[in-house]
Structures are given as structure tokens and as C-alpha cells.
Amino acid sequence: MRIHDMTKRTLIGMLVCLAVLAATGWAWAQDADPGGRWWRDPGVSRDLNLNDRERRSLDRLYSKNREALIDCKADLEKERSRLTDIMDREPFDEAAAKEQLRRVEEKQQRLTSERMQYLIEVRKILGPERFRTLEGKAMEHRDRRRDQRSGNGPDRQEEWPGEKSDGKKRHR
């Protein structure tokens, strides 16, 4: 039984690490695309000097990517649920748990790839200079959010394009 318990603990530890990595990837993706349709904000659009064609391209990309991300996230959640079920079963099947973990990792990789492809397409639309400007704005926003959460920032969180002063999103 000791080996069985150690194996189960090892797999649970791997799941925790996977969850942390997934959360980190999610946070990075959120910082890369803060506020949903950020290009619809007049200030951002002006700062990036976007024209109508580029805004339409970003709208199409966002819609296409959103659907792909919904599918990827749903697939990942299904695989995670199956893994949880396997981990809770007695007798414990280590081979099944490892195989299911492999499936979870595949779905996580697919989600990460979809997010990265979105950023690549945004970069193609904006070009290198404006993409760097967007990255800088996203980093500033992330830093403000981090400071606000840690109590180091202003009492009122500064707005990011796409957020109203009440903190609710718009242009979604």
C-alpha cells in the first residue's frame, strides 16, 4: 500500500504543478489580450494608429479565436474531469492516471498553441512597432492590477481600455 500511496501522491503533485502552469499560461494570455476587444477603445485605437481595415481584421480574428478557445477550454476541462475521476477510483490504476495526465497535457498544449497563434496574428496585423506598443500597454496594465491586488496601488483600479469605471467589461 505504501507504493500505491506514494504513486498517488506523486500524481497529485504533478496535477498541482500542471494547474499552476495552466494558471500562469492563462494569466499571460489575459495580459496579452486585456479587456477583450481592446482595439475598439478610441484611446488604444488612436495610440496604435489603427485604421478601419485593421479594426475589422482584429474583429474577425477575435471572433475566430474566441470560438477556438471555447472549444479548447471545454476539451481541457473534460480531460481534467476524467483525470479527477480516475484519481478518485479504487482500486487506483496508475497506468490509466498517467495516460489521462498525458491527455490533459495535450489539451493544455493545444490551448497554449491557440493563444500563441492569436498573438502571432495580432502581430501580423499591427506590425512589430505597434505590437511592441501594445505589449508595453499590456505590461503596464498587468503591473497596475498586481499593485492594486497587493495593496501597493491606488485605492481605485485604473481603467484598462474596454473597462468602464465600474470595473465591468464592454466591447465583448
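Refer to the preceding data block for the structure.
Residues numbered from 1 in each chain as written. Predicted model: local features only at pLDDT ≥ 70, side-chain atom pairs only at ≥ 80, totals over all residues. Heavy atoms only, no water.

Caption draft 1: Representation of the nonpolar core in the model. Within the largest apolar cluster, 14 residues are counted, with the highest numbers of intra-cluster contacts made by Trp38, Trp39, Leu48, Tyr118, Val122 and Leu126. Those elements that place two or more of their residues in this core are helix 3 (52-88) and helix 4 (94-150). Here this core takes six residues from helix 4, the largest share from any one element. Those residues in contact with Trp39, other than ones at most four positions away along the chain, are Ser45, Leu50, Arg55, Leu58, Asp59, Tyr62 and Tyr118. Within the second largest apolar cluster, eleven residues are counted, among which are Leu76, Met87, Val104 and Leu111. (Core = buried A, V, L, I, M, F, W, Y, C linked by side-chain atoms within 4.5 Å. Buried < 20%, exposed > 50% of the residue type's maximum accessible area, 1.4 Å probe, protein only. Helix = DSSP H or I, 4+ residues; strand = E, 2+ residues; numbered from the N terminus. Contact = heavy atoms within 4.5 Å.)

Caption draft 2: How the structure looks around the pattern of salt bridges. As enumerated under the stated definition, the model contains 17 salt bridges in all. The partner of Asp52 in a salt bridge is Arg55, and the shortest N-O contact between them spans 2.6 Å. In this pair, Asp52 and Arg55 are both assigned in helix 3, three residues apart and thus about one turn of the helix distant. Given a relative accessible area of 48%, Asp52 falls into the partly exposed group. Close ionic contact of Glu129 with Arg132 constitutes a salt bridge, the shortest N to O distance being 2.8 Å. (Salt bridge = Lys/Arg side-chain N within 4 Å of Asp/Glu carboxyl O.)

Caption draft 3: Representation of the environment of Tyr118 within the structure. Position of Tyr118 among the secondary structure elements: in helix 4. For Tyr118, a relative accessible area of 5% translates into the label buried.

Caption draft 4: Representation of helix 3. Between its first and last C-alpha, helix 3 extends 53 Å over 37 residues, near the 54 Å set by a 1.5 Å rise per residue. Between the side-chain oxygen of the N-cap and the backbone nitrogen of Arg53 there are 3.1 Å, and the N-cap of helix 3 in question is Asn51. (Expected span 1.5 Å × (residues − 1). Polar contact = N/O pair within 3.5 Å; in protein donor to acceptor, adjacent residues only side chain to side chain.)

Caption draft 5: Seen up close, the packing of aromatic side chains. As enumerated under the stated definition, the model contains two aromatic pairs in all. Their ring planes at 90 degrees and their centres at 5.1 Å tell us that Trp38 and Trp39 sit as a pair that is edge-to-face. Given a relative accessible area of 1%, Trp38 falls into the buried group. When its relative accessible area of 0% is taken as the criterion, Trp39 is described as buried. With a centroid separation of 5.6 Å and 65 degrees between ring planes, the pair formed by Trp39 and Tyr62 is classed as edge-to-face. A residue pair is termed long-range when its members are at least 10 positions apart, and Trp39 in the loop between helix 1 (2-32) and helix 2 (42-47) and Tyr62 in helix 3 qualify at 23 residues. Tyr62 shares its class with Trp39; the two are buried. Aromatic ring contacts, followed pair by pair, group Trp38, Trp39 and Tyr62 into a single cluster. (Phe/Tyr/Trp six-rings, centres within 6.5 Å; stacked < 30°, edge-to-face > 60°.)

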